[in-house]
Amino acid sequence: MSYTILYPPTIDFDWLIQRPQQLMQAFASLDVKVYYMNPGTQIPHQRGVTRKSKNLTILNKVDPKVYMKERPIFYFSSPAHVDLIPRYNPSLVVFDYLD
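All figures in this text were calculated on a predicted structure; none of them were measured in a lab.

Observations concerning the overall build of the protein
Then, in step 1: Scanning the protein from N- to C-terminus turns up 2 helices and 6 strands.
Then, in step 2: When the helices and strands of the protein are read in sequence order from the N terminus, they spell out β-α-β-β-β-β-α-β.
Then, in step 3: When its C-alpha atoms are laid out on the principal axes, the protein stretches across 35 × 30 × 25 Å.
Then, in step 4: The burial tally for the protein puts 41% of its 99 residues in the buried class.

Remarks on the sheet that holds strand β6 (residues 92–95)
Then, in step 1: Ordered in space as β3-β4-β2-β1-β5-β6, the 6 strands form an open sheet in which the pairing is mixed. Lying at the two open borders of the sheet, with one neighbouring strand each, are β3 (48–51) and β6. This sheet shows a mean twist of 20° between the axes of neighbouring strands, independent of strand direction.
Then, in step 2: Judged from the 4 bridges that link them, β3 and strand β4 (residues 56–60) form a sheet pairing that is antiparallel. Bridge pairing in β4 links Thr-50 to Ile-58.
Then, in step 3: Relative to strand β2 (residues 33–38), helix α1 (residues 19–29) is tilted by about 155°, and along the sheet it contacts β1 (4–7), β2, β4 and β5 (73–76).

Calculation notes
- Residues numbered from 1 in each chain as written.
- Predicted model: local features only at pLDDT ≥ 70, side-chain atom pairs only at ≥ 80, totals over all residues.
- Heavy atoms only, no water.
- Helix = DSSP H or I, 4+ residues; strand = E, 2+ residues; numbered from the N terminus.
- Buried < 20%, exposed > 50% of the residue type's maximum accessible area, 1.4 Å probe, protein only.
- Pairing = 2+ DSSP bridges.
- Axes fitted to C-alpha atoms, helices over the stretch in contact; angles between N-to-C directions.
- Contact = heavy atoms within 4.5 Å.

This is the structure:
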């Protein structure tokens with residue numbers, strides 16, 4: 001069985017590497033497709049897609065639905081993103097609170 005994780009825009013991927021980036025890289029190394037949405041708040045990004053590895057894709061101001069082939073696991077760390085859950089029709093929702 002294959003899995004896809006969608007991580008909504010919380011912290012820029014290349015800025016101050018923290019738990020979200022480390023977890024998403026670890027999931028990608030386990031052959032899980034990961035789509036990490038960059039918010040572009042700490043580092044300005046041009047619209048587009050960057051592949052960090054075979055399974056880790058960084059989305060800059062791009063709708064992830066175009067790239068996902070299956071219902072994702074919606075893995076989020078900010079309560080502000082709870083309203084995004086219905087938009088992506090996830091197969092599973094994981095809330096990982098960051099302090």
